[in-house]
Amino acid sequence: KTEAVQDQLRHTINETRIREFGLFDGADKAFFDTLADKVQPHAYLPEQDVFGRLESAGSLYLIMQGQVGVLRKGETEPMIVLGEGEIFGEMALYFHTPRSATIRTLDYCKFFELEYRHIRALSARFPWFGLRLEEMATQRKQSNEIAQAAYEEAAGLQRSDLPTGEVAPTGQ
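Residue positions are given per chain, counted from 1 along the sequence in the order it is written. Per-residue local features of the predicted model are confined to residues with pLDDT of at least 70, and side-chain atom pairs are confined, for both listing and counting, to 80 or more; whole-chain, interface and lining totals are unaffected and use all residues. Side-chain metrics in this entry use all non-hydrogen atoms of the structure; hydrogen atoms and water are not considered.

Student: I would appreciate a short explanation of the overall build of the protein chain in the present structure.
Tutor: Strands here are runs of E lasting at least two residues and helices are runs of H or I lasting at least four, both read from the DSSP assignment and numbered beginning at the N terminus. If you tally the helices and strands in the protein chain, you get five helices and eight strands. In the protein chain, buried positions account for 35% of the 172 residues. Looking at the protein chain alone, contacts between residues at least 24 apart form 74% of all its contacts between residues at least 6 apart. Surface accessibility follows the Shrake-Rupley procedure with a 1.4 Å probe radius. Residue values consider only the protein chains on display as shielding. For the protein chain, the exposed area adds up to about 10,600 Å²; of that, 51% sits on carbon and sulfur atoms. Exposure classes here rest on a 1.4 Å probe applied to the protein chains alone. A residue is buried below 20% of its type maximum, exposed above 50%, and partly exposed in between. In this description, contact between two residues means that some pair of their heavy atoms is separated by no more than 4.5 Å.

Structure (structure tokens):
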């Protein structure tokens, strides 16, 4: 009986915290009930990598407390900082690509992790959720492409006087 009470308390706490995320504005009780049972809480100390650039993706993260820095290709300091109420990790899941950036905690952080299999199930049952994630992933991808082009131009990588060419795989 104690275990059932603990599970119910955990569910209620999760649901209360999840309601704070703008991504879920307008969601009904059925959505929150389902989501509250699927998220897993995690805590990280400052300066820990949550995941690294080019790693495979299996989850997205909801920031409950703290801030993380987003380190994209070529960046040694985060140019983007995300905080409470924001999410990260959705791009690699949506586009089925490796992670485009390293996510590093800037201070003590608490997250909810939502695995890809649960995202698929939630998106099937609540189509608006899948559409919001798609929109967010698409906007962030476009923003990253613009930032990458600016980085390459500033680094002199987009010069017309540099040779270009195809690189053939070895061993063929």
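Read on, since the account is not over.
Student: How do you make sense of the packing of aromatic side chains when you look at a structure like this?
Tutor: The relative placement of two aromatic rings is captured by the distance of their centres and the angle of their planes. Note on aromatic pairs: the rings of Phe, Tyr and Trp (six-membered ring only in Trp) are paired at centre separations within 6.5 Å, and the planes decide the class, stacked below 30 degrees, edge-to-face beyond 60, tilted for the rest. For the structure on display, the rule yields 16 aromatic pairs. Arranged with centres 6.2 Å apart and planes meeting at 55°, the rings of phenylalanine 21 and phenylalanine 24 form a pair that is tilted. Judged by its relative accessible area of 2%, phenylalanine 24 falls in the buried class. Summarising the aromatic geometry, the rings of phenylalanine 51 and phenylalanine 88 are spaced 5.8 Å apart at their centres and angled 45° between planes, so their arrangement reads as tilted.

Student: Even after reading the chapter, I still don't get the nonpolar core, so can you show me in this structure?
Tutor: For soluble globular proteins, the rule of thumb is that nonpolar side chains tend to be buried together. Throughout, nonpolar core names a set of buried Ala, Val, Leu, Ile, Met, Phe, Trp, Tyr and Cys residues whose side chains join them through atoms within 4.5 Å. Within the largest apolar cluster, 22 residues are counted, with the highest numbers of intra-cluster contacts made by Phe24, Phe31 and Phe129. Counting residues per element, the ones that place at least two in this core are α2 (29–36), β3 (59–65), β8 (109–115), α4 (116–125) and α5 (127–154). At four residues, the largest contribution of residues to this core is made by α2. The contact partners of phenylalanine 129, leaving out residues within four places of it in the chain, are Leu23, Phe24, Phe31, Leu114, Ile119, Leu122 and Ser123. Counting 13 residues, the second-largest nonpolar core is a separate cluster that includes Tyr44, Val50, Leu82 and Phe88.

Student: Would you take a moment to explain the pairing of β3 for this structure?
Tutor: Remark: a regular strand shows side chains that alternate across the two faces of the sheet. The element β3 is largely enclosed, with a buried count of six among its seven residues. Pairing between strands is defined by DSSP: at least two bridges between the two strands are required. In the sheet, β3 pairs with β8 via six bridges, with the strands oriented antiparallel. The residue of β8 that forms the bridge with tyrosine 61 is glutamate 113. Summarising the sheet, β3 and strand β6 (residues 87–88) pair through two bridges and their orientation is antiparallel. When the sheet's bridge partners are listed, leucine 62 is paired in β6 with isoleucine 87.

Student: Would you take a moment to explain the packing of α4 against α5 for this structure?
Tutor: What describes two packed helices is the angle between their axes and the distance between those same axes. All axes are obtained by fitting lines to C-alpha atoms, using only the stretch in contact for helices, and the reported angles, taken between N-to-C directions, cover 0 to 180 degrees. Viewed as axis vectors pointing N to C, α4 and α5 meet at an angle of 120°, and their least axial separation amounts to 4 Å. Viewed along their axes, α4 and α5 adopt a mutual orientation that is oblique. Judged by residue contacts, Ile119, Leu122, Ser123, Ala124 and Arg125 of α4 engage Pro127, Phe129, Gly130 and Leu133 from α5. These descriptions rest on fixed angle ranges, namely under 35 degrees for roughly parallel, over 145 for roughly antiparallel, 65 to 115 for roughly perpendicular, and the rest for oblique.

Student: Looking at this model, I keep getting lost on the sheet that holds strand β4 (residues 68–72). Mind explaining?
Tutor: Taking strand neighbours across the sheet as the criterion, the four strands line up as β2-β7-β4-β5 in an open arrangement whose pairing is antiparallel. Each end of this open sheet is capped by a strand with a single partner; those strands are β2 (49–51) and β5 (80–82). Between one strand axis and the next, the sheet turns through 30° on average, direction left out of account. Here β2 runs beside strand β7 (residues 101–105); their pairing, made up of two bridges, is antiparallel. Each residue of the ladder has a partner; that of aspartate 49, found in β7, is arginine 104.

Read these as layout, nothing more, since geometry by itself doesn't imply function.
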